[in-house]
Amino acid sequence: MGKGPLGDAETARCLMVRAGDHVCAVPLARVRRVMRALPIFPLPGASPELLGLAEFGGEPLPILDLARLIAAPPGATAQFPVTLVVVAGPASDREVVGLAADAALEIAEVPIRSLVAGDGGLVRGEAPVAGRAVRLLDLEALGATR
Amino acid sequence: MSGAGLLLLRGGGCLWGVPDEEVERLEGERDRVTLRLRRGSLIAEAVLGVARAVRIHPAGASLRRFWPEPCGGLAVHDGRPLVVVDVARPPRALRDTEGEVGNEHAH
């Protein structure tokens, strides 16, 4: 696994969110805002990963279903679903997108050296945090072609 | 791009904006509206109005990855997001499939 955007740091400061049955770690530097789930307007013919468009700060915001993006099995019914507004994509093609998640949990440090490599897609790897496995997201990979 | 004038349409459960300089006339029927454009035509469920000076944002990579429809960008009008129609490549939800179509570029 290369250094990537996390550089040589031993830990990555992340926002933990629940998506389906999984807990994901979103690098805090990529998080612009967390809010109660925004109203979403579906797009005809969109893949299931794309829930639709929302309005955020007077601009259109694509909203992606985080649980589907990481193929998470369904979890408990979301009591307080949230929208994470994040900066995604590589440095050459940054974009702001919304991630729909079931809950925002806490901010925690993810031990980079404990990461077990992920699927090469959006999940950079898996690491233990406070006794549970969390999936560290690689938001640079989000806009990449499958 | 900014300052665009858009004709607002509803179709396929979505809000669309068509650059108003492309629209030559509207033909209403009972449950649909046909927009005759400079090149071709579109079918919508309803025309909702006109938006002036709309700021149009390019569609990002994530949207393009998960939504294969061509589009001319995204915008917000009155707090609601909309898709700007690329009239040269209309979205399936607005295509006139009854022949007179202006869909010759859509393949």
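For the structure, see preceding data.
Residue positions are counted from 1 within each chain, in the order its sequence is given. To read the labels, note that chains go from A and ligands from 1, taken in the order they are written. Since the coordinates come from a predicted model, pLDDT governs what is reported: local features require at least 70, and pairs of side-chain atoms require 80 or more to be given and counted, while whole-chain, interface and lining totals use all residues. Side-chain figures throughout are based on the complete set of non-hydrogen atoms in the structure, without hydrogens or water.

**Q** Would you mind going over the side chain of Asp-138 of chain A with me for this structure?
**A** Residue and element names in this part refer to chain A. Elements are defined by DSSP. Helices are runs of H or I of four residues or more, strands are runs of E of two residues or more, and each kind is numbered from the N terminus. Structurally, the position occupied by Asp-138 is in the segment after strand S11 (132-137). Buried and without a salt bridge, Asp-138 has Arg-30 as its closest oppositely charged side chain, separated by 5.7 Å. Residues adjacent in sequence count toward polar contacts only when both atoms are side-chain atoms; beyond that, a polar contact is any pair of N or O atoms within 3.5 Å, and within protein one must be able to donate a hydrogen and the other to accept it. Within the local environment of Asp-138, its side chain forms a polar contact with the backbone nitrogen of Glu-140, the two atoms lying 3.1 Å apart. The residues contacting Asp-138, other than those within four sequence positions of it, are Gly-121, Leu-122 and Arg-124. Relative accessibility thresholds used throughout: buried, under 20% of the residue-type maximum; exposed, over 50%; partly exposed, between the two (1.4 Å probe, protein chains only). Only four residue types enter the charge count, namely Lys and Arg as positive and Asp and Glu as negative; His and the chain termini do not. Salt bridge, as used here: a side-chain nitrogen of Lys or Arg that lies within 4 Å of a carboxyl oxygen of Asp or Glu. Pairs of residues are marked as contacts when any of their non-hydrogen atoms sit within 4.5 Å.

**Q** Would you take a moment to explain the pairing of strand S2 (residues 22-27) of chain A for this structure?
**A** A regular strand places its side chains so that they alternate between the two faces of the sheet. All names here are of chain A. Within S2, 6 of the 6 residues are buried, leaving the element largely enclosed by the surrounding structure. The alternating pattern of S2 places His-22, Cys-24 and Val-26 on one face and Val-23, Ala-25 and Pro-27 on the opposite face, and all of these are buried. In this structure, strand S1 (residues 11-19) lies alongside S2, joined through 6 bridges in antiparallel fashion. Paired with Arg-18 across the bridge in S2 is Val-23. When DSSP locates at least two bridges between a pair of strands, those strands are taken to pair. Pairing of S2 with S11, which is carried by 2 bridges, proceeds in the parallel orientation. What sits directly across from Cys-24, in S11, is Arg-135.

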